[in-house]
Amino acid sequence: MSKKQKSSDVKSGYYGYHSETDSSIKRNKSKSPKAKNGNGRKIFGIVLILLQVVLSIAFVGLFLSKGFAFVSAGIVAGIIAVLIIFIGLVLFLLQKSKNAQTFGKIISIIMIIILALGCYYLSSDLSKFTSGDKLSDKPFVVFVSASDSFGSFDEKTLERSDTNILAVVNPKNHNVLMVSTPRDYYVPVQAKAVAPESYDKLTHVGLYGNGTAKNDDGTSASVSDWQWAYEVSWNPGNRALMNTLKSLYDINITNENYHYVKLNFTGFAQLIDSMGGITVNVDTPFSTRTYASYGDEDTGERKTYTYKKGKMEMDGATALTFARERHAFANGDMQRNKNQVKVLKAIEKKALSGNTLLRFNSIIDAIENCFVTNIDISSSVNLLKDGGTDGWNIMSFGVTGTPARQTCTYTGTSLSVVMQDEESVSHASELIQMTLDGKTAQEIKKQIKAYNK
């Protein structure tokens, strides 16, 4: 055999060399870096899909376990459908070109992050926000109170109510009327074991708790057992305050639609800080020093705050000082009531913003130990959803009075009070009834304007 022939035989794979050479080439190709990278990408894609599926199941399970009032079969079906669509989309893209696979992995990673955050939030103890009375679509009233204390909130401790606002809500036409009452308003106390026609400052009524008086031995106290309220102990609660305001304004509403939200000063300030601050429209400029109990955190010294007319950004301490100050004004409590309503409106506006939803967990942590309520907070989601940011008509009215000195039942001594202005109380009662009856915002605003002349 010639050299030429041998050469051609080798090239052609004569006597079986061709098949052996081909298979060795294929084996070498399968072991190339490019092939290994391809397998690695596929495995990574599979891992992402599995994580997405597991987190989707966990999220739905946690979501259902919380018993949110706004959850319906349609909402659950919608969430599951969206999660399945995203899983299907990622699976589809992973079967396509390299660029499509990369895009699919990015989508999967984003979904995994969102689901992980959702599971983290839902794994928190939210029972405090879902265990109260569910808000219905019927008109209702919420008593908003800020007690004069700092630190962790102890709902078993009786405290004075520094802020007393009734939020009258009509979900049908998205009207909210906020009626503010001065803390020193001289009112007839509506509490058990309190003699009829017993008058006191409204702020003291919070010290009566739910109105069940007890002797030192724990037995129920009768009127003959005590001279003044401070000589007996009272079970904690908000019913005496709520009943007193209900009687003052002659509100025709059942207890099922009469709720409360009560914060202390720490909770009030921390709520605003956790929301990233609020914007308040200052109509009366003033300057004041803080109370020593909430001065500079590092030194404990009192701090001076200056409020200029116009829109002003406020953190928690600044807003708290603004809402509490009364000595800087000629009309004292009247202006303080207006400022408190302004702060509540600013909080409501910030609460409905998209940024606040991203701070949900920090807000929960901030106020968890600083407030009590008998409302299932989750049921308010439906109201917010129906009304929207611009859908709610927020209106306000404050009753007026005259400074005086009168004997207060709780202490049995003569103290500085604000005597009722019967006409303004009557006006407030009428506005409350108009809101409950479903009158339009235009009608209510027109009436408020007439009363404020």
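Here we summarise the structure given alongside this text. None of these values were measured; they are calculated from a predicted model.

Digging into the overall build of the chain
Alright, step 1. Looking only at helices and strands, one finds 16 helices and 16 strands in the chain.
Alright, step 2. Split into buried and exposed, the 453 residues of the chain put 44% on the buried side.
Alright, step 3. Summarising the internal contacts of the chain: among those between residues at least 6 apart in sequence, 69% fall at separations of at least 24.
Alright, step 4. When the accessible surface of the chain is totalled, it reaches about 23,900 Å², and 55% of it is carbon and sulfur.

Some thoughts on a nonpolar patch on the surface
Alright, step 1. A grouping of Phe 44, Ile 109, Ile 113 and Leu 117 is seen on the molecular surface, where their side chains present a nonpolar patch of about 350 Å² in accessible area.
Alright, step 2. Mapped onto the fold, Phe 44 is located in helix H3 (residues 33–65).
Alright, step 3. On the basis of relative accessibility, which here comes to 41%, the residue Phe 44 falls in the partly exposed class.

Remarks on the packing of helix H9 (residues 265–274) against helix H10 (residues 316–324)
Alright, step 1. The geometry of H9 relative to H10 is characterised by a closest axis approach of 8 Å and an angle of 130° between their N-to-C directions. Considered as vectors, H9 and H10 are oriented oblique to each other. The way H9 lies across H10 gives a crossing that is right-handed. Along its contact with H9, which presents Phe 265, Phe 268, Ala 269, Ile 272 and Asp 273, the element H10 presents Gly 316, Ala 317, Ala 319, Leu 320, Ala 323 and Arg 324.

Brief notes about the nonpolar core
Nonpolar side chains tend to gather and get buried jointly when the protein is soluble and globular.
Alright, step 1. Judged by nonpolar contacts, the single largest core of 42 residues is most densely connected at Leu 166 and Tyr 249.
Alright, step 2. At 6 residues, helix H15 (residues 422–436) tops the list of elements feeding residues into this core.
Alright, step 3. Residues contacting Leu 166, with those up to four places away along its chain left out, are Val 141, Val 142, Phe 143, Leu 177, Met 178, Val 179, Leu 245, Tyr 249, Ile 251 and Tyr 258.
Alright, step 4. Residues Ala 146, Val 169, Leu 320 and Trp 392 belong to the second largest nonpolar core, which totals 38 residues.

Concerning the packing of H15 against helix H16 (residues 441–451)
Alright, step 1. Close contact between H15 and H16 brings their axes to 10 Å; oriented N to C, the two are set at 175°. The pairing of H15 with H16 is recorded here as roughly antiparallel in orientation. Here His 427, Glu 430, Leu 431, Met 434 and Thr 435 of H15 lie close against H16, whose contacting residues are Glu 443, Ile 444, Gln 447, Ile 448 and Tyr 451.

Brief notes about helix H4 (residues 73–94)
Because each turn of an α-helix spans 3.6 residues, side chains separated by three or four positions end up pointing in the same direction.
Alright, step 1. Here H4 is 22 residues long and its end C-alpha atoms lie 32 Å apart, about the 32 Å a rise of 1.5 Å per residue gives.
Alright, step 2. The set of residues buried in H4 consists of Val 76, Leu 83, Ile 87, Val 90, Leu 93 and Leu 94. For H4, the buried positions fall inside an angular range of 140° around the axis, keeping them on one side. Projecting away from the buried face of H4 at angles above 90 degrees are the exposed residues Ala 73, Gly 74, Ile 84 and Ile 85.

Details of H9
Alright, step 1. Among the 10 residues of H9, 8 are classified as buried, and the element is accordingly described as predominantly covered.
Alright, step 2. Those residues of H9 lying buried are Phe 265, Thr 266, Gly 267, Phe 268, Ala 269, Leu 271, Ile 272 and Ser 274.
Alright, step 3. Two residues or fewer after H9 comes Gly 276, characterised by a positive phi angle close to 85°.

Cut-offs applied
Residues numbered from 1 in each chain as written. Predicted model: local features only at pLDDT ≥ 70, side-chain atom pairs only at ≥ 80, totals over all residues. Heavy atoms only, no water. Helix = DSSP H or I, 4+ residues; strand = E, 2+ residues; numbered from the N terminus. Buried < 20%, exposed > 50% of the residue type's maximum accessible area, 1.4 Å probe, protein only. Contact = heavy atoms within 4.5 Å. Areas by Shrake-Rupley, 256 points an atom, 1.4 Å probe, with all protein chains shown as cover. Patch = residues over 30% accessible without salt bridge, like charges linked within 9 Å, V, L, I, M, F, W, Y side chains within 5 Å. Salt bridge = Lys/Arg side-chain N within 4 Å of Asp/Glu carboxyl O. Axes fitted to C-alpha atoms, helices over the stretch in contact; angles between N-to-C directions. Parallel < 35°, antiparallel > 145°, perpendicular 65-115°, else oblique. Left-handed = near helix turned anticlockwise from the far one by under 90°. Core = buried A, V, L, I, M, F, W, Y, C linked by side-chain atoms within 4.5 Å. Expected span 1.5 Å × (residues − 1). Arc of directions from axis to C-beta.

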